Amino acid sequence: MLRAIDRLADIGAGVAAWLFVMIGGMITFEVVGRYGFTAPTIWAEELSRFCQVWAVYLGAAYVLRRGHLIRITFVTDRLGRRWRQAAEAFSLLAIMVIAAIALWWGMLITIESLAIGRITTSMLGTPLWMSEIAIPIGAALLLLQSLALLIRLTRGEPS
Amino acid sequence: MSAFAVLAILIVLLLAGLPVAFALGGLGAALLLFNDVPLIMVPQGLYSSIDSFVLLAVPLFILMSNILLKGGVGSDLFRAVQAWVGHWPGGLAVATVISCAIFGAISGSSVATAATIGVIAIPEMIKRGYKPHFVYGLLAAGGTLGILIPPSIPMIVLGVVIEESITSLFLAGIGPGLLMAFLFIGFSVAYAKLAGGFEAQRRATWEERRKATIRALPTLFLALVIILGIYLGVFTPTESAGIGFTLSLLLTTFVLRSLSWASLKEAVAESMRTTVTLMLILAGAKVFGQAITLMRIPHEVSTMIVANVDTAGGFVAIVCSMLLVMGFFLEALAMTIIMAPVLYPTLAPLGLDPIWFGVIFVIMIEAALISPPVGLNLFIIQAIAKASLGEVIRGAWPFILMMLGAIAAIYAWPGIALTIPFKL
């Protein structure tokens, strides 16, 4: 079960990584189109921003598990084992609360956008729920991942 | 609740080891709740902070740096510069600084610059008898030129946070970047003459110079496209990042043939980690920023500063000492994202130019990057050279003094920073 959660976060991270590469391709296409063929696109900027929102929130659970998130450790490094575990548990609980807030209210926004058919104010007019749903999905992955890490912490397993 | 109470809670959360992104976001959410603001602002902040065209430059510049690093362009560049200046006193050290400055014009990250040049320059210098601690300090500090010479990821972040033109910030970094490079070069020559003990290099022949330079030409071309593209207004920063990313990919796969599929995958995965980590802090800071703005905390802080500090010089001195102290325990970008919105409202009443102050801010970030115990550049050099952290730190401190000297110079002659963006 815990492995399945890790696997999910890994998939999210893999998608995120290549979304950033896609952004590079789209921006280049836009510049070349504009200068080379005086044909700017109407989609490159907007889709790039959407990809960025998806990529950041899909990657969040993975960077948490792999310990890449920036944190100040010089106090916790000097604590004894029990205190350090307590601090770690506190961090994970705090992250779960924040993820739960983002999940619940993020869902409300998405459902509302879907219900009233909100679209972007650009020429493309993309339905907003398509990018807004990245927040609750990313938050759900993060919630699961921090729960998995907390369970491992209480069992004394290495993460 | 006052500004001090909020700051105190934030510091406690950070010291407890809560990741910076979540300390900011969580405290922001709690403050919203206490002020009876609907929590729907949390996901809104998370969304709007990342849904930004300007910020797209961040992942693209990071991708470009990592691709060039994996593609090994650092050694081509270093060899070329070495062929020209290697026979000077302290020639290898001079070549290192110049290579860092040139790579700084491609890369927006100090860690990538230190790593790219360090991988090749450190063993070379040690082999020639340079004192290890000097070598480590030089590379850690030289790497920070990457964020002062445009493009620069901290400048993009700063520009987004304070809502100023990133292009102006980029251009304002050129003068101070060159000043700092000259300071480092002067120090290297003086150090080599005084300390001695290293093996001088013979002057390269013209044939050697020609060969080495040709190999580095694609890299120099890339640097020129990016700097001139931004300077002449052909590209926005985001567009130059996109073009730079594509060119670096073409360069390393087709021209230099130095990038394998496996190392491309590594570069892509590493870029994702760095980008997501950074963006999550920005997202958390957005929620925190919304909350403290509603509570009028930046306004409160700026009123307090203006009431107590009446000279521009006093303000800059206080801010710099504050950032220096914070730099000892807070990671550099996190420091920018937390402090900039609080400090910037004070500039207008004191009559300070925001772009000029931005450059000073970035130099303070550089100092934070090489000050213990959390300076990222110290760790990257330690990892590359497999050295002790203590030795890297011992080599780094003279460079912190030079950075403070550069700030004094830019304070006395603002034109060092402001001539290129506003007068040329």
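Residues numbered from 1 in each chain as written. Chains lettered and ligands numbered in written order. Predicted model: local features only at pLDDT ≥ 70, side-chain atom pairs only at ≥ 80, totals over all residues. Heavy atoms only, no water.

A. View of the overall build of chain A. Along its length, chain A carries five helices and zero strands. Across chain A, helices and strands are ordered from the amino to the carboxyl terminus as α-α-α-α-α. Considering only C-alpha atoms, chain A reaches an extent of 65 × 35 × 30 Å along its principal axes. Here chain A holds 159 residues, and the buried ones make up 47% of them. Contacts in chain A between residues at least 24 apart in sequence constitute 72% of all its contacts with a sequence separation of at least 6. For chain A, the accessible surface area stands at approximately 8,100 Å², while carbon and sulfur atoms represent 68% of it. (Helix = DSSP H or I, 4+ residues; strand = E, 2+ residues; numbered from the N terminus. Buried < 20%, exposed > 50% of the residue type's maximum accessible area, 1.4 Å probe, protein only. Contact = heavy atoms within 4.5 Å. Areas by Shrake-Rupley, 256 points an atom, 1.4 Å probe, with all protein chains shown as cover.)

B. Broad picture of the packing of aromatic side chains. Residues and elements named next belong to chain B. Counted under the stated rule, the structure contains 13 aromatic pairs over all chains. Centroid distance Tyr-130 to Phe-134: 6.3 Å. Interplanar angle 15 degrees. Geometry classified as stacked. Each of the two residues, Tyr-130 as well as Phe-134, counts as buried. Every member of this aromatic cluster is reached through a ring pair, and the members are Tyr-130, Phe-134, Phe-184, Phe-187, Tyr-191 and Phe-399. Over the ring of Trp-206 we find Arg-209; its NZ or CZ atom is 4.9 Å from the centre of that ring. (Phe/Tyr/Trp six-rings, centres within 6.5 Å; stacked < 30°, edge-to-face > 60°. Lys NZ or Arg CZ within 6 Å of the ring centre and 35° of its normal.)

C. Fine view of the environment of A:Leu8. Residues and elements named next belong to chain A. In this fold, Leu-8 is placed in helix H1 (residues 2–37). With 57 residues separating them in the primary sequence, Leu-8 and Arg-65 have C-alpha atoms 12 Å apart. Setting aside its immediate chain neighbours within four residues, Leu-8 contacts Leu-141 and Leu-144.

D. A look at the pattern of salt bridges. This model, assessed by the stated rule, comprises 16 salt bridges over all chains. Ionic pairing is found between B:Glu239 and A:Arg34, a salt bridge with its closest N-O pair at 2.8 Å. Here B:Glu239 is found in helix H13 (residues 237–255), whereas its partner A:Arg34 is found in helix H1 on a different chain. The partner of B:Glu207 in a salt bridge is B:Arg210, with the nearest N and O atoms 3.2 Å apart. (Salt bridge = Lys/Arg side-chain N within 4 Å of Asp/Glu carboxyl O.)

E. Spotlight on the interface of chain B and chain A. Opposite the 53 residues of chain B that make contact, chain A presents 51 residues. Summing both partners gives a buried area of about 4,700 Å² for chain B against chain A, and 80% of it is carried by carbon and sulfur. On the chain B side of the interface with chain A, the three residues burying the most area are B:Phe22, B:Tyr47 and B:Met272, jointly 14% of the side's total. At the boundary of chain B with chain A, the tally comes to two salt bridges. For the side of chain B that touches chain A, the secondary structure elements donating two or more residues are helix H1 (3–15), helix H2 (20–34), helix H3 (41–50), helix H4 (57–70), H13 and helix H14 (261–294) of chain B. For the side of chain B that touches chain A, the leading source of residues is H14(B), giving 13 residues. (Buried area = accessible area lost by both parts, 1.4 Å probe.)

F. Layout of the side chain of B:Asn66. Turning to its location among the elements, B:Asn66 is positioned in helix H4. Beyond its immediate sequence surroundings of up to four residues, B:Asn66 is in contact with B:Ala267, B:Glu270 and B:Ser271.

G. Structural detail: the confidence of the model for chain B. Put simply, chain B has an average pLDDT of 90, and 100% of its residues get 70 or more. Predicted complex metrics record ipTM = 0.95 and pTM = 0.90. (pLDDT = per-residue confidence, 0-100.)

H. Region of interest: the layout of surface pockets. The space that makes up the largest pocket amounts to roughly 1,400 Å³. Forming the boundary of the largest pocket are 49 residues, of which A:His68, A:Ile70, B:Thr274, B:Thr277 and B:Leu376 lie nearest the centre. With five residues, the top contributor of residues to the lining of the largest pocket is H14(B). Along the lines of polarity and charge, the residues of the lining of the largest pocket split into 27 nonpolar, 12 polar and 10 charged. Estimated volume of the second largest pocket: approximately 900 Å³. Lining the second largest pocket are 37 residues, with B:Val160, B:Val161, B:Ile162, B:Glu163 and B:Lys286 positioned closest to its centre. Sorting the residues of the lining of the second largest pocket by element identifies H3, helix H10 (153–162), helix H11 (166–195), H13, H14, helix H15 (297–308) and helix H17 (332–343) of chain B as the ones contributing at least two each. Split into classes, the residues belonging to the lining of the second largest pocket amount to 21 nonpolar, 12 polar and four charged. (1 Å grid on protein atoms, 1.4 Å probe; cavity = no way out; pocket = protein on both sides within 12 Å on 5 of 7 lines; lining within 4 Å. Points joined across faces, edges and corners; volume = space filled by probe spheres on them. Nonpolar A, V, L, I, M, F, W, Y, C, P; charged D, E, K, R; others polar.)

I. Local environment of empty space enclosed by the protein. Overall, the coordinates contain three cavities of 30 Å³ or more when judged by the stated rule. For the lining of the largest cavity, the secondary-structure elements that each account for two or more residues are helix H2 (44–65), helix H3 (81–116) and helix H5 (134–155) of chain A together with H2, H3 and H14 of chain B. Classifying every residue of the lining of the largest cavity gives 15 nonpolar, three polar and no charged.

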